[in-house]
Amino acid sequence: PLLSSTLILPGDAEPLLDAEDIRERLEKRVDLVIDAGPCGTEMTTVVNLASGEPEILRAGKGSVAPFGL
């Protein structure tokens, strides 16, 4: 699973911010794109939940408090 408010694809200098742009670029690679409205360009926090213990992969916008970190 992948959740992202912005997406910087390899080779791109700027993030994709619009759900329709993301859908056009990745329509054959992802099962679903949900349009939750416009977002900013500030990097989001990425938390790995795959190993059982939450691990911060990238600190950014968003609180990690719900993960007990």
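Refer to the structure above for everything that follows.
Some words on the overall build of the protein chain
Counting secondary structure elements, the protein chain contains one helix and two strands. Beginning at the N terminus, the succession of helices and strands in the protein chain can be written as α-β-β. With respect to the principal axes defined by its C-alpha atoms, the protein chain has extents near 35 × 25 × 25 Å. When the accessible surface of the protein chain is totalled, it reaches about 5,600 Å², and 55% of it is carbon and sulfur. Distance from the positive charge centre (6 side chains) to the negative charge centre (12 side chains) of the protein chain: 3 Å.

With respect to the side chain of T45
Its location among the elements puts T45 in the loop between helix 1 (19-26) and strand 1 (46-48). Discounting chain neighbours no more than four positions away, the residues touching T45 are I56, R58, A59, G60, K61, G62 and V64.

Describing the pattern of salt bridges
Inspection of the entire model under this criterion finds two salt bridges. Ionic pairing is found between R25 and D12, a salt bridge with its closest N-O pair at 3.1 Å. Highlighted residues: R25 in helix 1 and D12 in the segment before helix 1, separated in sequence by 13 residues. Judged by relative accessible area, which is 25%, D12 ranks as partly exposed.

Calculation notes
- Residues numbered from 1 in each chain as written.
- Predicted model: local features only at pLDDT ≥ 70, side-chain atom pairs only at ≥ 80, totals over all residues.
- Heavy atoms only, no water.
- Helix = DSSP H or I, 4+ residues; strand = E, 2+ residues; numbered from the N terminus.
- Areas by Shrake-Rupley, 256 points an atom, 1.4 Å probe, with all protein chains shown as cover.
- Lys, Arg positive; Asp, Glu negative; His and termini not counted.
- Charge placed at Lys NZ, Arg CZ, Asp CG, Glu CD.
- Contact = heavy atoms within 4.5 Å.
- Salt bridge = Lys/Arg side-chain N within 4 Å of Asp/Glu carboxyl O.
- Buried < 20%, exposed > 50% of the residue type's maximum accessible area, 1.4 Å probe, protein only.

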